[in-house]
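For reference, the chains in residue letters:
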Amino acid sequence: MKNFIANWKMNGSIEVLETYCQHLASNQEHLTDSMILALPALYIPMARHYLKNTPVAIAAQCVSAHNDGAYTGQLSARMFAELGCSYAIIGHSERREIESIESTKNQMLQCIHSGLKPILCIGETLQEKNEMKTIEILTSQLQPMLTLEQQGHDIWVAYEPRWAIGSGLTPDNNEINIVADWFKGLSAAKFIYGGSVNPDNIENLAKCTLDGFLVGGASLDYNLTNQMVSICTHCS
Ligand code: PGA
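Residues numbered from 1 in each chain as written. Predicted model: local features only at pLDDT ≥ 70, side-chain atom pairs only at ≥ 80, totals over all residues. Heavy atoms only, no water.

Peer 1: What exactly am I supposed to notice about the nonpolar core here?
Peer 2: Counting 63 residues, the largest nonpolar core has Met 35, Leu 37, Val 63, Met 145, Tyr 193 and Phe 213 as the members making the most contacts within it. When residues no more than four places from it in sequence are discounted, the contact partners of Phe 213 are Lys 2, Asn 3, Phe 4, Ile 5, Ile 192, Tyr 193, Val 197, Ile 202, Leu 205, Ala 206 and Cys 232. (Core = buried A, V, L, I, M, F, W, Y, C linked by side-chain atoms within 4.5 Å. Buried < 20%, exposed > 50% of the residue type's maximum accessible area, 1.4 Å probe, protein only. Contact = heavy atoms within 4.5 Å.)

Peer 1: Which parts of the structure should I look at to understand the pairing of strand β1 (residues 3-7)?
Peer 2: Every other side chain in a regular strand lies on the same face of the sheet, so the side chains alternate between the two faces. Judged by how many residues are buried, β1 sits mostly within the fold: 5 of 5 residues are covered. Burial of β1 is two-sided: the residues Asn 3, Ile 5 and Asn 7 facing one way and the residues Phe 4 and Ala 6 facing the other way are all buried. As paired strands, β1 and strand β8 (residues 212-215) are joined by 4 bridges and run parallel to one another. Looking at the pairing, Ala 6 lines up with Val 215 of β8. Each parallel crossover has a hand, and for β1 linked through helix α1 (residues 14-26) to strand β2 (residues 35-38) it is right-handed. (Helix = DSSP H or I, 4+ residues; strand = E, 2+ residues; numbered from the N terminus. Pairing = 2+ DSSP bridges. Right-handed = clockwise from strand over helix to strand, strands pointing away.)

Peer 1: What's the story with the state of the cysteines in this structure? I'm lost.
Peer 2: Linking two cysteines covalently through their sulfur atoms gives a disulfide. Throughout the structure, instances matching the rule amount to 0 disulfides. Residue Cys 21 stays outside any disulfide, its sulfur separated by 13 Å from that of Cys 85, the closest cysteine. The closest cysteine sulfur to the non-disulfide-bonded Cys 121 is located on Cys 62, 11 Å from its own sulfur. Using a relative accessible area of 2% as the deciding quantity, one classes Cys 121 as buried. (Disulfide = S-S within 2.5 Å.)

Peer 1: Looking at this model, I keep getting lost on helix α10 (residues 222-234). Mind explaining?
Peer 2: Since the α-helix advances by 3.6 residues per turn, residues separated by three or four positions end up pointing in the same direction. Over its 13 residues, α10 extends 18 Å from the first C-alpha to the last, a length consistent with the 18 Å expected when each residue adds 1.5 Å. Residues of α10 that are buried sit in contact with β1, α1, β2, α9 (202-205) and β8. A side-chain oxygen of the first residue of α10 lies 2.8 Å from the backbone nitrogen of Asn 223; this N-cap is Asp 221. (Expected span 1.5 Å × (residues − 1). Polar contact = N/O pair within 3.5 Å; in protein donor to acceptor, adjacent residues only side chain to side chain.)

Peer 1: Even after reading the chapter, I still don't get the pattern of salt bridges, so can you show me in this structure?
Peer 2: A side chain with one charge may pair with a side chain of the opposite charge, provided their charged atoms come close. Enumeration according to the criterion identifies 8 salt bridges in this entry. For Lys 129, the salt bridge identified is with Glu 175, shortest N-O distance 2.6 Å. Of this pair, Lys 129 sits in helix α6 (residues 126-130) while Glu 175 sits in helix α8 (residues 173-184), and the two are 46 residues apart along the sequence. The partner of Asp 211 in a salt bridge is Lys 184, and the shortest N-O contact between them spans 3.1 Å. Taken together, the residues Asp 211 in the loop between α9 and β8 and Lys 184 in helix α8 connect sequence positions 27 residues apart. On the accessibility criterion, Asp 211 (23% relative accessible area) is partly exposed. You can call Lys 184 partly exposed: its relative accessible area is 36%. (Salt bridge = Lys/Arg side-chain N within 4 Å of Asp/Glu carboxyl O.)

Peer 1: Whenever I open this one, the sheet that holds strand β6 (residues 156-159) confuses me. Can you help?
Peer 2: Read around the barrel, 8 strands follow the order β1-β2-β3-β4-β5-β6-β7-β8 and close on themselves; strand pairing throughout is parallel. Across this sheet, the average inter-strand angle for adjacent strands is 25°, counted without regard to direction. Each of β5 (117-122) and β6 is contacted by helix α7 (residues 134-150), which is oriented at about 160° to β5, the strand it contacts most. Here α10 sits on the sheet in contact with β1, β2 and β8, set at roughly 155° to β1. (Axes fitted to C-alpha atoms, helices over the stretch in contact; angles between N-to-C directions.)

Peer 1: So what exactly am I meant to see when it comes to the side chain of His 92 here?
Peer 2: Relative to the helices and strands, His 92 is located in the loop between β4 (87-90) and α4 (93-96). We classify His 92 as buried; its relative accessible area is 5%. At 3.0 Å, the side chain of His 92 and the backbone nitrogen of Glu 94 are in polar contact. The residues contacting His 92, other than those within four sequence positions of it, are Asn 7, Lys 9, Cys 121, Glu 160 and Ile 165.

Dropping the structure here:
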């Protein structure tokens, strides 16, 4: 079984969420706690209500690097934990545009202190890939996670090449396996892939040395989600 993390980003509406959750709740054949929904923060209480009799877990899409204080508009890891979240995506490339590596480390620490499991995203740009700098870039992004893992904390890592996100492009399986092998040589943590995953390519991608998928665009549609979750349930 592979983990399936749906990242809605800033998409959806109350109506879409209601329908999606009702479908999930009434068709639980493939559902396990390996399915994780990363929703816009405002929708989390409603999703928790609709999904209360399902094993689906909820994730924050990002958290503040701070515990509490005068940080207008920010939301803390503790607040997400209070709402019943179990995970938080940290360092998504869409956040790294405005966040430093130091900030992602502090966000992971906030998650750990609040009982949320961080899912750290790492990934290179197309230019970095073409310049053969993939491992160098991933190493710098991974370093804070390795330090925390050495201290005994369990952090998942999502490899999301920036050029693959929302582009319809993915690395080939050999390229993913090279990164997966590099990662497994450094860490015992779960290793997830994200970037243009959809029902047509997920079965092939699942042949890679991966523990699961982080899916954006294709996870907004319940029928596509159901197809992908069903494939993940049957994969070793
Ligand atoms: P995508 O997004 O599946 O739409 O490419 C993945 C992500 O950004 O997590």
